[in-house]
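# Architecture at a glance
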Amino acid sequence: MNLLELTCLLQRIFSMQRLTKKRIKAGRWLLVVTPLFLCCALGLVSLAKDSKSIAQEKSVIVDFSYAGFEDGADLPSDYSGLKKLNVTDFGAIPNDGKDDTAAFQKALAQGGKIVVFIPQGEFEIDDILRIEASNVILKGAGKGKTILKYSRGLEDIYPAPTKNAGGTPTSKYSWSGGFIEFNGKQRSTAAMDVSKPTLQNERVLTVSKTNKKIKVGDRVYVSQSHQKGNGFLDYLYNGDPSDVSNCKPGLAITFPAIIEKLEGNKVTLDRGCRIDVRPEWQARLITMSHSVVRSGVESLTMKFPKHEYKGHFKEIGYNGIAMVKVRDCWVKDVEIVNADSGIFVKGYNCTLAGISLIAPEVKKNGKIFTGHHGFILGGSDHLLRDFNIDTTFIHGVAVTSGSNGNVTMDGNGENMSFDHHKKAPVANLFTNIDIGRGDRFLASGGGPKLGRNSAGWGVFWGIKSKNKVNIPEGFGPKTMSFVGVSVKNEDSILKKGMHLDTKTPKDLNLYKAQRERRLKKASP
């Protein structure tokens, strides 16, 4: 039995323990600890003296196997049911050096289920291309074949001056916006309030009252939020949040699931809860409508001009793709050249696959950086896979405020960082990645008094580097796991109580192993 299998066994054992709880004086629970010796041997648990949450007191590897488009399904490849358009039919001419923006915009605005093809060649683009409906696909002839060329930054076209969290003047394009934008809208359509606590990894929730609009088979979102004095941030950081006084009320953690059963006021989900769910955290089950679903960008290169990178918060908006409030969308086989930032995604269950970020014509700032953000995964259950960052961004792959359940895997980089940008990014997975030199492993940003960089249950699994990596002392709480990571400061990490195993795991890709197990279990 390998480590991954033992981890799952432990989770089942703890689930069984919860069924044997006995009340003791003062209304607190005492757990039966028969398998404790096994847990201690693996270093996966430290026994709680007196905790409302078992999960808060031990390292837990949650189920990441639902990340990505349609819970991890293969991306679409058959477009026979979509109307086929070509940008050349709307006036775009490759390789003529003239602005083709209007032709692209007109093609994308045709409406209905469409795939807009772009032939081989170079096309001059001088404005944002917007995807604002479901089932709209922009598809080129391949990386290096279809090239969209840009001569200006977004700040030159739509100025957006602002200040960052520390008060430094900058542009909003330092962390948002793109020359291709998925602009979605989402709204809550129905809700049920959770009335009793449910522990991490359990599937059954109790609601105060059912809602006739919510049925078996519906996709729901379990949502909870930080409010002054409700203890939510303290829980997410496992009792060790540092200073969170600048975290505003309303900071939410939301994750998706499918309703498997409705019985009285009991709701059974198709997957375990990513974190504890409690009424005092304004816990709700909600359904949402999304205006942009199943749309994508494929098989092209976006190229920005030769330039000198001026440095942190001095970006002018050479940004690739931004996905905002979307679900089940994708970017596949795309190369982004000379960018300030690559791809920003905010929503649920999007897949970024086969993305290359390169900067051969950018003069580095301080002989290190060519841009700000490689990727930002905002929201939950996104999948970034089969990627390479052949340059160094200040923040390589970032998870930010409330990001959870996101998976980054099967990638490589020159000197990659996994930026955790404070405000409680929780339970995100990085697996089977070669980060290059390794001296920027967890180099992270974020404003002051917004908590530690990462909240609990983050997992780093099968991370390769040329040099041993350092895990900063105050980076995150004790429920983080590092497996197959060569670490400089092993003693301090073990002393903090984090799970650390420097041996290469049998299953190099935790996501694939979890997903294979889930699908095998579900098959007849």
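Here goes a summary of the coordinates provided.

Definitions and limits used
- Residues numbered from 1 in each chain as written.
- Predicted model: local features only at pLDDT ≥ 70, side-chain atom pairs only at ≥ 80, totals over all residues.
- Heavy atoms only, no water.
- Core = buried A, V, L, I, M, F, W, Y, C linked by side-chain atoms within 4.5 Å.
- Buried < 20%, exposed > 50% of the residue type's maximum accessible area, 1.4 Å probe, protein only.
- Helix = DSSP H or I, 4+ residues; strand = E, 2+ residues; numbered from the N terminus.
- Contact = heavy atoms within 4.5 Å.
- Disulfide = S-S within 2.5 Å.
- Pairing = 2+ DSSP bridges.
- Axes fitted to C-alpha atoms, helices over the stretch in contact; angles between N-to-C directions.
- 1 Å grid on protein atoms, 1.4 Å probe; cavity = no way out; pocket = protein on both sides within 12 Å on 5 of 7 lines; lining within 4 Å.
- Points joined across faces, edges and corners; volume = space filled by probe spheres on them.
- Nonpolar A, V, L, I, M, F, W, Y, C, P; charged D, E, K, R; others polar.
- Polar contact = N/O pair within 3.5 Å; in protein donor to acceptor, adjacent residues only side chain to side chain.
- Salt bridge = Lys/Arg side-chain N within 4 Å of Asp/Glu carboxyl O.
- Lys, Arg positive; Asp, Glu negative; His and termini not counted.
- Phe/Tyr/Trp six-rings, centres within 6.5 Å; stacked < 30°, edge-to-face > 60°.
- Lys NZ or Arg CZ within 6 Å of the ring centre and 35° of its normal.

Phe418, Phe441 and Phe460 are the most contacted members of the largest nonpolar core, which totals 73 residues. Ranked by residue count, the leading element in this core is helix α3 (residues 101-108), at four residues. Among all residues touching Phe460, those that are not within four sequence positions of it are Phe418, His420, Phe430, Phe441, Leu442, Phe475, Met480, Ser481, Phe482, Val483 and Val485. By size, the runner-up hydrophobic cluster in this structure holds 47 residues, among which are Leu205, Val207, Val426 and Leu450.

Before going further, it helps to examine the state of the cysteines. Within this structure, the stated rule accounts for zero disulfides. Not part of a disulfide, Cys329 finds its nearest cysteine sulfur in Cys350, a span of 5.0 Å.

For the rest of this paragraph, the subject is the sheet that holds strand β13 (residues 204-206). Ordered by their spatial adjacency, six strands build an open sheet running β12-β17-β14-β15-β16-β13, and the pairing between neighbours is antiparallel. The open sheet has two edge strands with one neighbour each: β12 (186-193) and β13. Each neighbouring strand pair of the sheet contributes to a mean axis angle of 45°, computed without reference to strand direction. Relative to strand β15 (residues 252-263), strand β14 (residues 219-225) runs antiparallel, the two being bridged by seven bridges. Each residue of the ladder has a partner; that of Ser223, found in β15, is Thr254.

Structurally, Ser195 is set in the loop between β12 and β13. Among the residues examined, Ser195 registers a relative accessible area of 33% and is labelled partly exposed. With 83 residues separating them in the primary sequence, Ser195 and Arg278 have C-alpha atoms 7.6 Å apart. Dropping the residues within four chain positions of it, Ser195 is found in contact with Thr206, Val207, Ser208 and Pro279.

Turning our attention to empty space enclosed by the protein. Tallied over the full model, the rule gives two cavities of 30 Å³ or more. Quantified by volume, the second largest cavity comes out at close to 70 Å³. Val62, Asp63, Tyr66, Asn201, Phe255, Arg271, Gly272, Cys273 and Arg274 are the residues that line the second largest cavity. Classifying every residue of the lining of the second largest cavity gives four nonpolar, two polar and three charged.

Time to look at the environment of Glu414. Tracing the backbone shows Glu414 in the loop between β28 (407-413) and β29 (418-420). Along the sequence, Glu414 and Asp390 sit 24 residues apart, while their C-alpha atoms lie 5.4 Å from each other. Beyond its immediate chain neighbours, meaning those up to four positions away, Glu414 contacts Lys364, Ile389, Asp390, Thr391, Thr392, Ile435, Gly436 and Arg437. At 2.6 Å, the side chain of Glu414 forms a polar contact with the side chain of Thr392.

Another aspect to go through is the sheet that holds strand β22 (residues 341-348). The seven strands lie next to each other as β6-β11-β20-β22-β25-β27-β29, forming an open sheet whose pairing is parallel. The open sheet has two edge strands with one neighbour each: β6 (129-131) and β29. This sheet shows a mean twist of 20° between the axes of neighbouring strands, independent of strand direction. In the sheet, strand β11 (residues 180-183) pairs with strand β20 (residues 319-327) via four bridges, with the strands oriented parallel. Following the sheet pairing, Phe182 is matched in β20 by Met323.

Moving on, we come to the pairing of strand β26 (residues 383-390). Pairing between strand β23 (residues 351-358) and β26: six bridges, direction parallel. Counterpart to Ala353 in the pairing with β26 is Arg385.

For the coordinates displayed, the defined rule picks out 22 salt bridges. Glu298 is the salt-bridge partner of Lys139, the closest N and O atoms lying 3.0 Å from each other. Of the two residues, Lys139 is situated in strand β7 (residues 136-139) and Glu298 in strand β18 (residues 296-303); the sequence distance between them amounts to 159 residues. The exposure classification of Lys139 matches that of Glu298, with both residues buried. Two residues, Glu298 and Lys332, come together in a salt bridge whose shortest N-O distance is 4.0 Å. Highlighted residues: Glu298 in strand β18 and Lys332 in strand β21 (residues 330-337), separated in sequence by 34 residues. Each member of the pair, Glu298 together with Lys332, is buried. A single network of salt bridges, built from pairs that share partners, joins Asp71, Arg219, Asp270 and Arg271.

Before going further, it helps to spend a moment on the side chain of Glu155. Topologically, Glu155 is positioned in helix α4 (residues 154-157). No salt bridge forms around the buried Glu155; measuring N to O, its nearest opposite-charge neighbour Lys172 is 8.3 Å away. Separated by 2.5 Å, the side chains of Glu155 and Ser171 make a polar contact. Non-local contacts of Glu155, meaning those with residues more than four positions away in its chain, are made with Ala160, Pro161, Ser171, Tyr173 and Ile316.

This next bit is on unusual backbone geometry. In this structure, Ala424 takes a positive phi of about 65° despite not being glycine. Following the sequence through the fold, Ala424 ends up in the loop between β29 and β30 (429-434). With phi around 60°, Lys449 is a residue other than glycine that occupies positive phi space. Looking at the element boundaries, Lys449 is found in the loop between β30 and β31 (459-464).

For the coordinates displayed, the defined rule picks out 19 aromatic pairs. Relative to Trp330, the ring of Phe69 lies with its centre 5.5 Å away and its plane at 80°, an arrangement referred to as edge-to-face. Here Trp330 lies in strand β21 and Phe69 lies in the loop between α2 (36-42) and β3 (83-86), a separation of 261 residues in the sequence. For the pair Phe69 and Trp330, a shared accessibility class is recorded, and that class is buried. Measuring from ring centre to ring centre gives 5.6 Å for Phe104 and Phe123, while their planes differ by 70°; the resulting arrangement is edge-to-face. Separated by 19 residues along the polypeptide, Phe104 in helix α3 and Phe123 in strand β5 (residues 121-124) bring together distant segments of the chain. Across this residue pair, the class does not change: Phe104 and Phe123 are buried. Among the aromatic residues, those joined into a cluster by ring pairs are Phe418, Phe430, Phe441, Phe460 and Phe482. Sitting above the plane of the Tyr66 ring, Arg271 keeps its charged end 3.8 Å from the centroid. Against the face of Tyr66 rests Arg518, its NZ or CZ located 3.7 Å from the ring centre.

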